[in-house]
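The residues making up each chain are set out below.
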Amino acid sequence: MSTLDDIIDLTVRVEDCVDAGDWTEAAALDVQRVEVIGRYLNEVADGPGQAAAAHMLRELLARNELAMRKVQVMRELILEKSSELKASDKAVKAYVQHASDNPAALGG
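Residues numbered from 1 in each chain as written. Predicted model: local features only at pLDDT ≥ 70, side-chain atom pairs only at ≥ 80, totals over all residues. Heavy atoms only, no water.

**Digging into helix 3 (residues 50-101)**
With 52 residues, helix 3 extends 75 Å between its outermost C-alpha atoms, agreeing within 8% with the 76 Å of an ideal straight helix rising 1.5 Å per residue. Taken as a whole, helix 3 has its buried residues at Ala53, Met56, Leu60, Ala67 and Ala99. Buried residues in helix 3 make contact with helix 1 (3-20) and helix 2 (23-44). (Helix = DSSP H or I, 4+ residues; strand = E, 2+ residues; numbered from the N terminus. Expected span 1.5 Å × (residues − 1). Buried < 20%, exposed > 50% of the residue type's maximum accessible area, 1.4 Å probe, protein only. Contact = heavy atoms within 4.5 Å.)

**Side note on the pattern of salt bridges**
All chains considered together, the criterion is met by seven salt bridges. Among the salt bridges present, the one from Arg13 reaches Asp9, with a minimum N-O distance of 3.8 Å. Within this pair, Arg13 and its partner Asp9 are both found in helix 1, separated by four residues, close to a single helical turn. Given the relative accessible area of 35%, Asp9 is considered partly exposed. Of the charged contacts in the structure, one is a salt bridge between Glu59 and Arg63, with a shortest N-O distance of 3.4 Å. Placement of the pair is Glu59 and Arg63 together in helix 3, with a separation of four residues, close to one helical turn. Note on Glu59: relative accessible area 33%, which makes it partly exposed. (Salt bridge = Lys/Arg side-chain N within 4 Å of Asp/Glu carboxyl O.)

What follows is the structure in structure tokens.
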């Protein structure tokens, strides 16, 4: 497997983790990917592979931007659900408090 194959494989795995909401694994894989990219860029340096490296980096940037948009959407959904849960929790607590202050309200 070539270094480019390693980079693409790690990129796909990062994307899969993002899609699955596994942020910890996505971050760990991204650290590995950055290290492999660094090694690759050192390998090609000023050699003939530089054009391919530039193309690959543009592709990775586009894929990263897409992944970041997905993360942002998921983050917004989580924040929305969290707000809904907090509101529900407050409503339940208010009901329980009202019921304990007014047992007749429950038919008791």
